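# Chains, contacts and geometry: an overview
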Amino acid sequence: MPAVDPAIDTSPIAADEIKTTTCYMCACRCGVRVHLLDGRIRYIDGNPDHPVNGGVICGKGCAGIMKQESPARLRKPLLRTGERGKGEFREIEWDEALALLTDRLAGIRATDPRRLALFTGRDQSQALTGWWAQQFGTPNYAAHGGFCSVNMAAGGLYSIGGSFWEFGEVDWAHTRYLMMFGVAEDHDSNPIKIGLAKLKARGAKFVSVNPVQTGYSAIADEWLAIRPGTDGLLILALVHELLRSEKVDFEYLARYTNAPWLVIDDPGAADDGLFARGDDGHPLLFDRVRGGLVSALSANTQPVLAGRRTLADGRGAVPVFELMARRYLEPAYAPEAIAEQVGLSAATIRGLAAEIAQAAFEHPVVIDQPWTDWAGRRHAQMIGRPVAFHAMRGISAHSNGFHTCRALHVLQTLLGAVDTPGSFRYKPPFPRPIPPVQKPTGKPAQVSPGRPMPGLPLGFVAGPEDLLLDADGQPMRIDKAYSWEAPLAAHGAMHMVIHNAWKGDPYPIDTLFLFMANMSWNSSMNTSGTLDMLTDRDPATGQYRIPFIVYSDAFASETVAYSDLVLPDTTYLERWDAISLLDRPISSAHGPADAIRQPILKPDLDVRCFQSVLLDLGARLGLPGMVTDDGSPRYPGGYPDYIVNHERKPGIGTLAGWRGAAGDQHGTGAVNPDQLQRYVDNGCFWQDELPPQARYFKHANRNYLDYAARMGFVDSAEPIILQLYSEVLQKFRLAARGHGPVTPPPGERARIETYFDPLPIWYAPLEEAALSSADYPLHAITQRPMIMYHAWDSQNAWQRQILGSNRLYLHPETAARLGVADDGWVWVTSHHGRIKCQVRLMAGVNPDTVWTWNAVGKRAGAWNLDPGAAEAKKGFLLNHLIADLLPGGHSNSDPVTGQAAWYDLRVRIEAVAAADREAVSAPQFAALPRPPGLEPAPRRLSRGGMFRRRSAS
């Protein structure tokens, strides 16, 4: 045996301490173990006991080390000294920063709280930040959802009481057929990868509908290279085929949906298109056995799904199902009629419908588990249709995305494939009532100086009367959410706040407070225009049109240079956090779960957790709920103090586990001072397991509904009837026709009438419809890579080695037609702007589409990268090409929800002329200086050498 080289330590001590926490390198919220040696992080791996990932960890999660070691971490509060945008600051102490901000905010609150706009990026503490805005008294609060996926959330919550991704999941154990629409590999990646492995091992079929064949699409059994923005048309063609062949679950529709509910047919009347209701207010249906009209909420009915009925007042009414059948059986939805538009053959579409029907109706999943539904009916088995759907931003970030998401939920529901074995499953605390009961707050009577608002800023409107409008019908919010411009803006409209604040439309603001929102770069549309707006001055006064900008982030992003006051945040490994059931929990379909982060390391810089800073500001301002009766801080321990001791209502707190004085209650219960330690002892998570009889049919399952009411998820254990036809949308159409006390201005009536159809519709994306396809023949979209999640990852030394710059990907046939070669440089032009970038040829893309990775391109000098870094010199953003406004003046958004429509982009491409072939992307901006306190980044970042060699012996 050869001798062992004595220089090799064969038994190193890798760690002397292991701590658990929750990862924050993407939105999966996986459980991780952090291994420390001599107080420093040695490595990170997955927590095998965690319910989200079961020990699986991806490269992003491992690279959390290099986020902690990032040279871009801000060191100390900064106050601007030079012109905004020049990056000139001086370091100040926290007391000065908070005193300055407190004084400014106190003046705003005492005069007009709306002059503060608080908008947060991809954080997971919206239950706190929304409550803080409420207590301050401003309706101008939102998180990132309006930029990301509000169509996905609103489309689901107004249809089935839940949605994809965070609110639901695939029944991986039983699904026989899975279709994904528009899912890139950044979201929920570890659970999806684990699930796909299980699914493929069982031989189930996986179909991916996506213009780009990366990630999940690359391992799909069938990849459908759809044309962007046409997913809704494909879905409605599938609905057409299923209706035509009568492959729908009629029993499911009759029992659990509003398919049999009668809709008033009285053109011109104030209630035309609303549900016919009895004296008790309940919707009516026609019962086959009784031969007459009965309450749709009665038990043991035999609903009829078709046929015109006569109401007590002599008017006619028609069931929802008949209205659907009339519409979607029209020839316009036949595969032959839509094939060219979607980019798939009619035979492919018909084949999909046949496969879906076969999986659903010829191979049902039967679980021998008795259960009782909401009406008291006892079922011996749980029978499901094993067809599952999953969708995300690819169908959401379009101006037709709300109706596309609604259409997908209609398809699910027709199949009886909502929370049944083998289908889509809700994650508690979902499903919610449709729509959820929380209304947005911010009407004129609800906003006044020195007082909190009576409710949270964000919510769900049930009709025009819930809009946030002033006496003249103008928006009460700076982003125009919940106005006629974006009535169902459940997440706000973050992408419009800078434009509207700059314009002073509908009114000027004083302070824009941003957290983790890189709004000067990759978190805005119209990047160059946004930079101009942030630095523009009023010529009459010489003052900035947006007077004061506060920004909190852990890293020196592009937006730091455009801020007046910078508050440095901690990293996720330095703070307490709550992944709460009040916000975006880590539940599974088998039961609710939530989690925390605990500080793995003490901050070695003069930084503070943003959530604790907010609570400190609230105490300094004397905000109700943040001070005691004597005016002292209610949460002197900061965010962890709040996590444990704050109650949204009696017994309902931030965390659901180990409540009660003895820590023996779950869901609801009194405050437990030892709660955080109980979480730490359990691996930083809590979960509850639903009994087998409550795991499916949650919207109609008596056992689950009772459980949800006990846990505080819903106010009462009423059934949640799936809404194929949306009466909420019809109320807006009636308002557009002049009915009701709240009606849109004349210029908005046609728009509301068109887009607020109570049944899902498809229309061409609004930018596409406004432009000439000859001038702009190509779609341009982004996807996030598996390697990275947000801009914060593309400054991570390990992740940069894999993806240091991005390319524009073209189909070889498209490139040949344009005379573009692989590695060539091109000009990409939209109706709004022009960029220069390098291309890569790729067969796995729709030929009418070009695409790139999102958020890789950087501004020179930002993130403490070398100004000559590839991210700045070769990296680029499609954001430079996207306009805030459509031709005609409306925001570039979905007209129903205000969702940013940044996937609607249309472009043309030309090869760069020989005289302009410098290998540098365009546009280029002046390099940003390093903020004070940041040392020049080392040329090489490495790990391992700082650990002394120690042997187990």
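Heads up: these notes are all about the structure in this document. For clarity, every value in this text was computed on a predicted model and none was experimentally measured.

Let us look at the overall build of the protein chain. Per the secondary structure count, the protein chain includes 26 helices and 36 strands. On C-alpha atoms alone, the protein chain measures out to a radius of gyration of 28 Å, which is about the 30 Å that the 2.2 N^0.38 rule sets for 953 residues. Contacts spanning at least 24 positions in sequence make up 70% of the contacts within the protein chain whose residues lie at least 6 apart. Accessible surface, the protein chain as shown: approximately 31,900 Å² in total, 50% of it carbon and sulfur. Taking the average location of the 95 positive side-chain charges in the protein chain and that of its 102 negative ones, the two points are 2 Å from each other.

Pairing in this open sheet of three strands is antiparallel, and the strands run β1-β2-β3 from one edge to the other. The outermost strands of the open sheet, each flanked by one partner alone, are β1 (17-22) and β3 (40-46). Along the sheet, successive strands turn relative to each other by an average axial angle of 30°, direction set aside.

With that settled, the discussion passes to the sheet that holds strand β15 (residues 309-310). The strand order β12-β16-β15 describes an open sheet built from three strands, whose pairing is antiparallel. Here the strands that pair on one side only, and so sit at the sheet edges, are β12 (262-265) and β15. Sheet topology note: the β12/strand β16 (residues 316-319) ladder contains four bridges and is antiparallel. Counterpart to Leu262 in the pairing with β16 is Pro319.

The next point concerns unusual backbone geometry. Cis geometry is found at the peptide bond from Pro428 to Pro429, where omega equals 15°. Within the element layout of this structure, Pro429 appears in the loop between β22 (424-426) and α15 (497-503). Residue Pro923 is reached from Ala922 by a cis peptide bond, and omega for that bond is 5°. Even without being a glycine, Lys480 presents a positive backbone phi close to 65°. By the element assignment, Lys480 lies in the loop between β22 and α15. Classification of Lys480 by relative accessible area gives buried; the value is 13%. Located in the positive-phi region is Asn864, a residue other than glycine, with phi close to 55°. With respect to the helices and strands, Asn864 occurs in the loop between β35 (849-853) and α26 (870-873). Exposure remark for Asn864: the relative accessible area of 6% places this residue in the buried category.

Looking now at the packing of aromatic side chains. Inspection of the entire model under this criterion finds 29 aromatic pairs. Aromatic pair Tyr158 and Phe460: ring centres 6.2 Å apart, planes at 55°, arrangement tilted. Remark: Phe460 occurs in the loop between β22 and α15 and Tyr158 occurs in the loop between α6 (150-157) and β8 (168-170); sequence separation between them is 302 residues. What makes Phe460 buried here is its relative accessible area of 13%. Between the aromatic rings of Tyr707 and Phe713, the centroid separation amounts to 6.2 Å while the plane-to-plane angle is 70°, which identifies the pairing as edge-to-face. The residues Tyr707 and Phe713 share a single accessibility class, namely buried. Each member of the aromatic cluster is reached from another via a ring pair, and the members are Trp131, Tyr635, Tyr639 and Tyr642.

Before going further, it helps to examine the packing of helix α11 (residues 335-342) against helix α12 (residues 346-361). At a minimum axis distance of 8 Å, the contact between α11 and α12 shows a crossing angle of 115°. The orientation of α11 with respect to α12, classified from their angle, is roughly perpendicular. For the element pair α11 and α12, the recorded crossing hand is right-handed. Across the interface between the two elements, Pro335, Glu336, Ile338, Ala339 and Val342 of α11 pack against Ala346, Ile349 and Arg350 of α12. Residues of the contact of α11 with α12, tallied by class, amount to six nonpolar, no polar and two charged.

This part takes up helix α16 (residues 527-535). Here α16 has its buried residues at Thr527, Gly529, Thr530, Leu531, Met533 and Leu534. For α16, the secondary structure elements touched by its buried residues are α15 and β24 (548-553).

Another aspect to go through is helix α7 (residues 189-201). Between its first and last C-alpha, α7 extends 18 Å over 13 residues, near the 18 Å set by a 1.5 Å rise per residue. Inspection of α7 places Ser189, Asn190, Pro191, Ile192, Gly195, Leu196 and Leu199 among the buried residues, and these make up the whole buried set. Packing partners of the buried residues in α7 comprise α1 (59-62), β9 (177-181), β10 (205-209) and β21 (387-391). Taken from the residues just after α7, Gly203 is the one with a positive phi, measuring 85°.

This next bit is on the pattern of salt bridges. Overall, the coordinates contain 57 salt bridges when judged by the stated rule. Salt-bridge contacts for Asp479 lead to Arg477; the nearest nitrogen and oxygen are separated by 2.9 Å. The exposure class assigned to Arg477 is buried, which follows from its relative accessible area of 0%. Each of Asp272, Arg327, Arg733, Arg737, Glu753 and Asp757 takes part in salt bridges that share partners, so that together they form one network.

Rules used throughout
Residues numbered from 1 in each chain as written. Predicted model: local features only at pLDDT ≥ 70, side-chain atom pairs only at ≥ 80, totals over all residues. Heavy atoms only, no water. Helix = DSSP H or I, 4+ residues; strand = E, 2+ residues; numbered from the N terminus. Rg over C-alpha atoms; globule rule 2.2 N^0.38 Å. Contact = heavy atoms within 4.5 Å. Areas by Shrake-Rupley, 256 points an atom, 1.4 Å probe, with all protein chains shown as cover. Lys, Arg positive; Asp, Glu negative; His and termini not counted. Charge placed at Lys NZ, Arg CZ, Asp CG, Glu CD. Pairing = 2+ DSSP bridges. Axes fitted to C-alpha atoms, helices over the stretch in contact; angles between N-to-C directions. Buried < 20%, exposed > 50% of the residue type's maximum accessible area, 1.4 Å probe, protein only. Phe/Tyr/Trp six-rings, centres within 6.5 Å; stacked < 30°, edge-to-face > 60°. Parallel < 35°, antiparallel > 145°, perpendicular 65-115°, else oblique. Left-handed = near helix turned anticlockwise from the far one by under 90°. Nonpolar A, V, L, I, M, F, W, Y, C, P; charged D, E, K, R; others polar. Expected span 1.5 Å × (residues − 1). Salt bridge = Lys/Arg side-chain N within 4 Å of Asp/Glu carboxyl O.

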